[in-house]
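# Residue-level structure breakdown
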Number of protein chains: 2
Amino acid sequence: MPAAETAPAPAGMVPVPAPVGRTPAAGTVREALALSALAEDSAVMPNAAFERWFAERQAREGFTVRRIPLEAMDGWHFAPDTGDLRHDSGHFFAVEGLRVRTGDGGPGACWEQPVISQREIGVLGFLVAEFDGVWHFLVQAKTEPGNVNTVHLAPTVQATRSNLMGVHQGRGPHHAEHFVAPSAGRVLVDSLQSERGSWFLRKRNRHMVVVADPRDVAGHEDFCWLTLGQIRRLLGRDNLVSMEASSVLACLSYEVGEAAARDGYGAALLRSLAPAAPTVHSTAALVSAVNEIKARTRVEQQSIPLAEVGGGWRRADGALGRADGRYFGITGAEVWAASREVGHWAQPLLVPAPGGVCALLTRVVDGVLHVLLHARSEAGLLDVVELCPTVQCTPSNHLHRPERQRPRFLREVLGAPPSRVRYDVMVSEEGARFDRAENRYLVVEAPDDLGDVPDDYVWVSLAQAGELLGRGYFLNMQARTLLAALHAVW
Amino acid sequence: MPAAETAPAPAGMVPVPAPVGRTPAAGTVREALALSALAEDSAVMPNAAFERWFAERQAREGFTVRRIPLEAMDGWHFAPDTGDLRHDSGHFFAVEGLRVRTGDGGPGACWEQPVISQREIGVLGFLVAEFDGVWHFLVQAKTEPGNVNTVHLAPTVQATRSNLMGVHQGRGPHHAEHFVAPSAGRVLVDSLQSERGSWFLRKRNRHMVVVADPRDVAGHEDFCWLTLGQIRRLLGRDNLVSMEASSVLACLSYEVGEAAARDGYGAALLRSLAPAAPTVHSTAALVSAVNEIKARTRVEQQSIPLAEVGGGWRRADGALGRADGRYFGITGAEVWAASREVGHWAQPLLVPAPGGVCALLTRVVDGVLHVLLHARSEAGLLDVVELCPTVQCTPSNHLHRPERQRPRFLREVLGAPPSRVRYDVMVSEEGARFDRAENRYLVVEAPDDLGDVPDDYVWVSLAQAGELLGRGYFLNMQARTLLAALHAVW
């Protein structure tokens, strides 16, 4: 690794009004982010213009999706020896079998399930550039076959590693070149984070935010520059900002003075962003608590042939699923996309049981907002346990169980009076892998009489959550989505 | 998790001369550690008394080990369906098969090997207590069947989780009760770190240092209290301090003023412990570099039946190994131990190819010592890549290769003039799993004309190494051993 840390901004090719490609000084990054978060509109892409731009993308013809039997998917096959569902090229992803054994010994201590295997690290990356003294993020209007509402606001780049490296052969997604070998001084975020642990096996994504000189960023009709404040505003709308975008945004650390808050709750939230704010637990104690749950939770992940997956899973009517309709299914899709380089393809899509709920309970302690996170296992997580939202479940998966075995705090979340519900937005899963998978994301003030919580739940300030995010593999995808969402409510 | 962070020191049962069980204030921990590191002798266990005590333990009769065929091991069997070598109880550990596929595509891109599977988290823990105003660490004189020199200095506790939890039933190793649920204010170190990645599959150990009230720690003839300074002195001796002990000690962060250094090299080393010392790379850039290598290095770990492991591996003459003698073998051992609760047992031991070399090249930049770490994969690592020593290899494994394919920097290490060799000690692997496995550990000043290093090598200050250690899974076992060893040379 060469020793030079800070590369000079490359010389611009095209003069633009307020072009600033400055490499940020370490101390100014948090201030620049705060400034961007406070900018709720921008001359670069005014909110009204954004609405028109986005509506045009949504109205655009050219994406047709049809469900087809898995066996009818062109380019895919069930491997004869294992029954795994694979692409003929060996690339992309595969559906394999997973056997999970937990050490608890009770019922549910061993199960089997299909799982998506994609061993390659993906990159989720935002480009940032300064216009008129304010940092803007390059968002992409992204169309995927399974998207609810067709188009989502996604990060600048969302690609597998090998896809990204296509730039060396003149291919690769738009703007990929900025993420291939960015100089260290331009990288604001670079951390590995887990994928959705219930559905992917040990998959991780590299979350990146890279500062660019706007003169080096080619314009494209499906990309636009927005401030953090503009994105914050959009986080309050159903099925608009993708979980991938939220996940990356959650990794940004900055503080905003509490004067910007709209009410007392917002002020407590903004105080919680400050690293010096008093907290219920020290960060070391949080790490210890997670280590303790990891040590206690023995989860053995064993890859098995898809054909061997039992326990209610079966292939029927051209799809993979369960007779009881629980958890999820895998279906085939045929896609026609006018705007893509490859205009017609088939692929499997994962269809989760509908009605998922992800929620954070919050509480203000010493004037500082804390969120209640749950240290729990997910079948496919790399290190077994991460901090998850207070509630993360599909209630219908649990209806057959007695009340006391249903997910903890679900009643407190769904039964909260409207005045305590601070965020209630439908968020949908990534449509390149999931078919119309909507979940309800909530932030709810905990009831005053909540009392002590079990030892696998911890109260965490937002600055602490940021610190843990910096370490990687500490907060799961759904928790990251909710942490980003909190910025919509101050 | 209950909110109380700081438990009062429990009331003592027996009055002792200088009993101090104070919970350390956060700011004073580093100072207390520095004070302990500077104390090269102690009235609690004077160095001369330690030598006698340790020699007695080494001279003690009662540990006999005999190699036996794997098939003859009482209590172990080869599972009929997989050929995996397992204990009849299903506990302890197993020898399974591992298929590794790397994305590079070249030769060596796919191989199979036996691997030790032990899914449970182990605890490696030191108790610390204050005597006469100085922190002392409770070390254990530990006898294991495969130990070189029979007895090693080990952490206070070295146990699997379920072993540790035996305290609830009145069993469990000595002092285990201090590590089961320590109050947060008493925990100095609590981080998950990788096991030896070439031989274990995704195994991790919880590294802990816990402050105790000395009045609560029962005396035992195989345990004694030493200062960090006394342990530092012992790190310079062959096959004495165990890698497990070093690995935990490496996780302690503290600074010592450079006045304590014996020469200019020592002063540069002590300056490197300060978080504010200038560094070649920012820590964020180091993390980015590791992420980049992780993204580039596709390693797929597939568990396979031991019976299917090919590529030169075979069972012959009652052992598992290779005809070319490379890498390692697995042999059976029968053990008689007079001092153990269970006095007679059989177990497999791993026998690495002899002559391993682990070395750090160091360089002083701006007056601050930096060590050259190598971001590389090991077959069984949880997240595929960690920072390893500059050189980590068994030269005999590579003799069949042309010079340019041999491990990088091996020549610089082995050919260094004696004046540049700062540490040269034989360190042996843990004798509960490994049979008489000695490796040579070196710290060598890099030649002045070393020049730029490839981009999978990074120069890291000691404070940065400490910061990365705090995150877990960033530095491998051998690198941690060398980082601890550096404290023997200032």
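Below, the structure is looked at part by part. (Residues numbered from 1 in each chain as written. Chains lettered and ligands numbered in written order. Predicted model: local features only at pLDDT ≥ 70, side-chain atom pairs only at ≥ 80, totals over all residues. Heavy atoms only, no water.)

Now for the interface of chain B and chain A. Accessible area lost when the parts come together is the quantity often used to give the size of an interface. Each partner contributes residues to the interface: chain B has 43 residues there, and chain A has 43 residues. Contact between chain B and chain A buries roughly 3,700 Å² in total, counting both sides, with carbon and sulfur atoms accounting for 47%. Along the contact surface separating chain B from chain A lie 10 salt bridges. At the boundary of chain B and chain A, one finds 18 residue pairs in polar contact (both at pLDDT 80 or more). Among the secondary structure elements, those contributing two or more residues to the side of chain B that touches chain A are β10 (187–194), β11 (204–211), α8 (283–296), β13 (299–304), β24 (457–461) and α10 (462–471) of chain B. (Contact = heavy atoms within 4.5 Å. Buried area = accessible area lost by both parts, 1.4 Å probe. Salt bridge = Lys/Arg side-chain N within 4 Å of Asp/Glu carboxyl O. Polar contact = N/O pair within 3.5 Å; in protein donor to acceptor, adjacent residues only side chain to side chain. Helix = DSSP H or I, 4+ residues; strand = E, 2+ residues; numbered from the N terminus.)

This brings us to the side chain of H370 of chain B. Residues and elements named next belong to chain B. Mapped onto the elements, H370 comes out in strand β19 (residues 368–377). The exposure class assigned to H370 is buried, which follows from its relative accessible area of 0%. From its side chain, H370 meets the backbone oxygen of V368 in a polar contact 3.0 Å long. If we skip the residues at most four places from it in the chain, H370 touches P278, T279, V280, L361, T362, R363, V365, W459, V460 and S461. (Buried < 20%, exposed > 50% of the residue type's maximum accessible area, 1.4 Å probe, protein only.)

Turning next to the relation of the copies chain B and chain A. Under the fitted operation, chain B is carried onto chain A by 0.0 Å of movement along the axis and a turn of 180°, and the coordinates agree to an RMSD of 0.0 Å. Both copies of the chain, as the preceding transformation shows, are related through a two-fold rotation axis. By C-alpha distance to the rotation axis, the residue of chain B lying nearest is R471 of chain B, at 3.0 Å. The residues that chain B uses at the interface reappear at the interface of chain A in 100% of cases, marking a shared surface. (Least-squares fit on C-alpha atoms with pLDDT ≥ 70 in both.)

All right, on to unusual backbone geometry then. One non-glycine residue, F92 of chain A, lies in the positive phi region at around 60°. Within the secondary structure, F92 of chain A sits in the loop between β3 (85–87) and β4 (94–102). Positive phi is not limited to glycine here, since H175 of chain B has a value of about 70°. Its place among the elements puts H175 of chain B in the loop between α3 (161–164) and α4 (177–180).

Among the nonpolar cores identified, the biggest contains 89 residues, and F137, L475 and L486 of chain B are the most heavily contacted of them. Per-element accounting of this core gives the leading share, 6 residues, to helix α11 (residues 477–485) of chain B. With 88 residues, the next largest nonpolar core counts L201, Y254, A267 and V443 of chain A among its residues. (Core = buried A, V, L, I, M, F, W, Y, C linked by side-chain atoms within 4.5 Å.)

Moving on, we come to the packing of aromatic side chains. For any pair of aromatic rings, geometry is given as the distance between the ring centres together with the angle between the planes. Residue and element names in this part refer to chain A. Inspection of the entire model under this criterion finds 22 aromatic pairs over all chains. Relative to W345, the ring of F63 has its centre 6.3 Å away and its plane inclined at 75°; by these criteria the two rings are edge-to-face. On the criterion of sequence distance, the pair formed by F63 in strand β1 (residues 63–68) and W345 in strand β17 (residues 344–352) is long-range, its members being 282 residues apart. Note on W345: relative accessible area 19%, which makes it buried. One aromatic cluster is present, formed by F50, W53 and F54 through successive ring pairs. The ring of F78 has R315 lying over it, and the distance from NZ or CZ to the ring centre is 3.5 Å. (Phe/Tyr/Trp six-rings, centres within 6.5 Å; stacked < 30°, edge-to-face > 60°. Lys NZ or Arg CZ within 6 Å of the ring centre and 35° of its normal.)

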